[in-house]
Amino acid sequence: MTVKSDYTSGTISLTNGSATVTGSGTAWAQPGIDVQEGDTLLNIPGAQGFNGAVIAAAVSDTELTLVLPWEGPTLAGVTYRLRFQPDGSRVKAESRNLIEMLSGPNIPAFQALDGTGGDKIPMFTGTGAMTVISRTDLIAGVHYDVQVDTLADRDAYDAEPAGFSVLVSDVGDGRSAIYSKVTNTLADWSAPAYITGPVGPLPDVEVGTTTTLPPGSPASVTPTPIPGGVSLAFGIPAGEGFYWEGAYNPATAYQKDDVVRFNGSTFIALQATTGNSPSGAFPPVDTAFWAVLASKGQDGLGTGDVVGPNSAVDGRIASFDGTTGKRIEDSGVPVGKVLRFDQAQVLAATEKAWARANAEVGILSAFRSKVISGGFDFFRQPSGSSGYIAERWLFSPGAGATNTISQADANNAAYPPYVRKSLFWQRSVAGTSPSQLIQKIENVNTLAGRRVTVEIWAGSSAPTELEVYLAQVFGTGGSPSATVNTSVQSVNTGAPGRYRLYFDLPAISGKVYGTNGDDALWLVLRRPHNATNPTTGMVITAVSISEGEVVGDDIPFDWRDLATVRSQCDRFYETGRTQMNLGSATTGAFAYATQFRQVKRRVPDMTSAFSYSNASGGGLNSISVTDFNTFATPAATGNCYFICNWTADAEI
Amino acid sequence: MEVHGYTEDGSIEVTIDGVRWTVPDDMSSPKRRQVAEWEELGNAIPPYEPPPPAPYVLYKSTFIRRMSVQEAETMEGVLAAADAKLRLLFNSVEYFVSDDPLFADLRAAVATALGQQRADDLLAPETV
């Protein structure tokens, strides 16, 4: 055994409080030097009183670790002396350590183990306590003879000898256990030796964050343990499709399929882009970055949005709902029911009548009323009791009745201001049947199929009834259809006032007219013989019959100037005077043609009353709807003339 | 109602309720239809009767000029044989009027003297 000399090569640096020694020019780990634990540093200048630092290990040629941190001053690049510990001291120390280790309680316990049978492995069971376990048990885990599913299945082995073991997979509470026969006695089983614990509670599973991933990327689930369970964070890829980004922002980095709104249109990104705006033109166009998804429409001229109902009926006209101007509703009026000017009107006849009435076109509707001389301006005679007394009005007195019909001024303030005359109807004896005032309106087709309004202004000295109805008379000759009467409506007259009555005239399609050309619509005003106050005087004027249910018009009776009324009456009845002055230079009969003022509705019946001077034999011939001849025979001598007062009656 | 008959142009003269009407022979006339009802009772409308000819004036000079000399001598003899009153009247008038009763006497005398045909010819109305 040798002892190496001290090693002093190089210098060292030490730091107060540090166990690391740094060398410079040292070779502490080199073979032959081989600084070992227990070697000591000595003679360190500037560290008197701190020499003898024990080395724990040589980390490298230039680094040592001390057993204790350096307690001396910090020094740098100082000399030193490293003294190696002798080998004898080292062996002695190691032997002492071995003896201390073998003298513990564990070695005797090991020595006491029984290794009979082999395949045994020693195992500490405590300090100074050991045993052996079978290697088979160690590698096979639990040992048993048979395995059954349930405790009941174990019964099949109740007769097995002591030591026989059975593994029951589920003893009833979910656990597994081994039972061993304690003795050979039937069913003498040991207590269960559980090999699994009871069924624990279900772990808590918490749904953590959910993140939308880019389209096409794989989905992800990231578990994070939490007390009693786990939290799952999901990453779900977005579906392929549009991604609404709202209004276009030039600072936003858009991706393919992003959709933006710009100038009222929407665009879809064709590729990733930033700062490239979509088309601002109208209509918009595609660009390299954006394609038009939906183009805005032409701007309207209004100022508000209009909201309609959830549904509508095809062809109906929309109207405003309320006063905001922003809501519309179904007006209920089909397009086909409005007044048309560019094509045929499709209104039904009754609807046309309504339309005219609703239009309140009275002031424009000359001859709207089908009654002629409804104001009783012309009488054939001052008064009478039957027949045509007032022009166009046929009076039928009724059986046993006595009436006087005369013209009177319509001077009551209650009557319309333009009405000048009226018919005064005085019945002194009521008789046994109604007294009737009838106007036969030419042509039974008049207002057929229409709703009509009959208006009468009337008054009576005492309350009484006036009945009104219409009759469609198809004339005489041939085989005409039977007369069709409307219902009879009654008004109670008293103080002068207006009475409006509405009738629905039937259509006449399929009806047969008479051959004598005297079909007509009769307007009948009648006073029942058994009316209240049947003999009271009654005034009637401004009688009209107009198409439609007159509501808006104040007065459907359309006033006509007297010349017009006279001319209308002349179509039915005309009187005149023809005078012929012949002088003396003639021989034989002569004739003189007279033109009617108005063309007659038919060849009239005529009367003639002649007065002569030096003439005789007057008469009428060549009567037509336009004119006639008067003739007379002059005397042989003397100046002659004649005067003929005539009437021409073409009434219905 | 009294139906007087047809007129020359085919109308019908009828009096209804005291008023005489000239009614067209047309059933569009209510009065004609009244006449028709009257006819259905078995009555018939009387036919047209022409009125008597109108009177005329014949100048005596025309009458004389129409005669031949021989006829004038004959009529002179007839006139001479007439009574004094008739002879004076003939000589005093300038013309004859056809509806005068004496004109009928003159026509008869001429027919007796010269024959009916010559009487008609000589006393015919003057042509203008």
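In short, a report on the structure. The model shown is predicted, which means the values in this text are computed figures rather than measured ones.

Of regular secondary structure, chain B possesses six helices and five strands. For chain B, the sequential pattern of α-helices and β-strands runs β-β-β-α-β-α-α-α-β-α-α. Classification of the 128 residues of chain B by burial places 36% in the buried group. The contacts in chain B between residues at least 6 apart in sequence include a share of 49% that link residues at least 24 apart. Carbon and sulfur atoms make up 55% of the accessible area of chain B, which amounts to about 7,800 Å² in all.

As summarised here, the arrangement of the six strands in space is β38(A)-β43(A)-β40(A)-β3(B)-β2(B)-β1(B), forming an open sheet in which the pairing is antiparallel. Edge strands, defined here as strands with exactly one partner in the open sheet, are β38 (573-583) of chain A together with β1 (2-6) of chain B. Across the sheet, the mean angle separating the axes of adjacent strands is 25 degrees when strand polarity is ignored. The strands touched by helix α1 (residues 30-40) of chain B within the sheet are β40 (605-613) and β43 (640-649) of chain A together with β1, β2 (12-16) and β3 (19-23) of chain B, with β2 of chain B carrying the most contacts at an inclination of about 90 degrees.

Attention shifts here to the sheet that holds strand β20 (residues 265-269) of chain A. Residues and elements named next belong to chain A. Here we have four strands laid out as an open sheet, ordered β17-β19-β20-β22, and mixed in their pairing. Both edges of this open sheet fall to β17 (243-247) and β22 (290-294), since each of them pairs with a single strand only. Between one strand axis and the next, the sheet turns through 30 degrees on average, direction left out of account. The pairing of strand β19 (residues 258-262) with β20 spans four bridges and is classified as antiparallel. Bridge pairing links Val 259 to Ile 268 in β20.

Cis geometry marks the peptide bond from Phe 282 of chain A to Pro 283 of chain A; its omega dihedral reads -5 degrees. With respect to the helices and strands, the residue Pro 283 of chain A is situated in the loop between β21 (273-274) and β22. You will see that Ser 373 of chain A, though not glycine, has its phi angle at about 60 degrees, which is positive. With respect to the helices and strands, the residue Ser 373 of chain A is situated in the loop between α4 (349-358) and β25 (383-384). Of note, the phi angle at Asp 17 of chain B is positive, near 50 degrees, even though the residue is not glycine. A relative accessible area of 76% means that Asp 17 of chain B is categorised as exposed.

Residues and elements named next belong to chain A. A cluster of nonpolar side chains, namely Leu 98, Met 101, Leu 102 and Ile 107, defines an oily patch on the protein surface of about 380 Å² accessible area. Counting residues per element, the nonpolar patch draws most heavily on helix α1 (residues 87-102), which supplies three residues. Relative to the elements of secondary structure, Leu 98 occurs in helix α1.

Our focus in this paragraph is a negative patch on the surface. A contiguous patch of negative charge on the surface is contributed by Asp 149, Asp 153, Asp 155 and Asp 170 of chain A. Judged by relative accessible area, Asp 170 of chain A falls into the partly exposed class, the value being 33%.

Another point: the pairing of β1 of chain B. Here is the key point about a regular strand: its side chains alternate between the two faces of the sheet. Residue and element names in this part refer to chain B. With four bridges joining them, β1 and β2 adopt antiparallel strand pairing. Within β2, the position partnered with Val 3 by the bridge is Val 14. If you look at the hairpin formed by β1 and β2, you'll find five residues sitting between the two strands, and Gly 10 has a positive phi there, around 95 degrees.

Turning our eyes to something else, we now look at helix α5 (residues 562-570) of chain A. When α5 of chain A is considered as a whole, its buried residues turn out to be Val 565, Gln 568, Cys 569 and Asp 570 of chain A. Looking at the buried side of α5 of chain A, the elements it contacts are β38 of chain A.

The subject of this paragraph is the interface of chain B and chain A. Opposite the 19 residues of chain B that make contact, chain A presents 24 residues. Approximately 1,600 Å² of surface area, both sides summed, lies buried where chain B meets chain A, with 58% of it carried by carbon and sulfur atoms. At the junction of chain B with chain A, the criterion picks out two salt bridges. Note that Arg 33 of chain B is salt-bridged to Asp 518 of chain A, the shortest N-O span being 3.3 Å. At the boundary of chain B with chain A, the tally comes to six residue pairs in polar contact (both at pLDDT 80 or more). When residues of the side of chain B that touches chain A are traced back to their parent elements, those giving at least two are β3, α1 and β5 (95-97) of chain B. Here the side of chain B that touches chain A takes five residues from β3 of chain B, the largest share from any one element. Summarising the sheet, β40 of chain A and β3 of chain B pair through two bridges and their orientation is antiparallel.

This part covers the packing of helix α3 (residues 69-81) of chain B against helix α5 (residues 101-114) of chain B. All names here are of chain B. Between α3 and α5, whose axes approach to 10 Å, the crossing angle comes to 125 degrees. In this view, α3 runs oblique relative to α5, as classed from their interaxial angle. Remark: the crossing between α3 and α5 carries right-handed chirality. Contacts from Glu 71, Thr 74, Met 75 and Val 78 of α3 reach α5 at Val 110, Ala 113 and Leu 114. Residue classes in the contact of α3 with α5 are distributed as five nonpolar, one polar and one charged.

Residues and elements named next belong to chain A. Following the criterion strictly, the structure yields 32 salt bridges over all chains and no others. The partner of Asp 173 in a salt bridge is Arg 175, with the nearest N and O atoms 2.9 Å apart. A salt bridge links Arg 571 to Glu 442, with the nearest nitrogen and oxygen atoms 2.8 Å apart. Residue Arg 571 is found in the loop between α5 and β38, and its partner Glu 442 is found in strand β30 (residues 435-442); the two are separated by 129 residues along the sequence. Relative accessible area serves as the criterion here: at 29%, Arg 571 is assigned to the partly exposed category. Taken together, the shared-partner salt bridges connect Arg 380, Glu 391, Arg 392, Arg 566, Asp 570, Glu 574, Arg 597, Lys 600 and Glu 651 into one network.

Residue and element names in this part refer to chain A. Counting residues in each nonpolar core, the largest one holds 32 residues, and the members touching the most others are Leu 525 and Ile 540. Residue assignment for this core shows that the elements contributing at least two residues are β29 (421-429), β30, β31 (451-460), β32 (464-473), β35 (497-504), β36 (520-527) and β37 (538-547). Beyond its immediate chain neighbours, meaning those up to four positions away, Leu 525 contacts Trp 393, Trp 425, Ser 435, Gln 436, Leu 437, Ile 456, Leu 466, Glu 467, Val 468, Ile 540 and Val 543. Judged by nonpolar contacts, the second largest core, of 21 residues, contains Ala 53, Trp 70, Leu 75 and Val 78.

Scoring rules and cut-offs
Residues numbered from 1 in each chain as written. Chains lettered and ligands numbered in written order. Predicted model: local features only at pLDDT ≥ 70, side-chain atom pairs only at ≥ 80, totals over all residues. Heavy atoms only, no water. Helix = DSSP H or I, 4+ residues; strand = E, 2+ residues; numbered from the N terminus. Buried < 20%, exposed > 50% of the residue type's maximum accessible area, 1.4 Å probe, protein only. Contact = heavy atoms within 4.5 Å. Areas by Shrake-Rupley, 256 points an atom, 1.4 Å probe, with all protein chains shown as cover. Pairing = 2+ DSSP bridges. Axes fitted to C-alpha atoms, helices over the stretch in contact; angles between N-to-C directions. Patch = residues over 30% accessible without salt bridge, like charges linked within 9 Å, V, L, I, M, F, W, Y side chains within 5 Å. Salt bridge = Lys/Arg side-chain N within 4 Å of Asp/Glu carboxyl O. Lys, Arg positive; Asp, Glu negative; His and termini not counted. Charge placed at Lys NZ, Arg CZ, Asp CG, Glu CD. Buried area = accessible area lost by both parts, 1.4 Å probe. Polar contact = N/O pair within 3.5 Å; in protein donor to acceptor, adjacent residues only side chain to side chain. Parallel < 35°, antiparallel > 145°, perpendicular 65-115°, else oblique. Left-handed = near helix turned anticlockwise from the far one by under 90°. Nonpolar A, V, L, I, M, F, W, Y, C, P; charged D, E, K, R; others polar. Core = buried A, V, L, I, M, F, W, Y, C linked by side-chain atoms within 4.5 Å.

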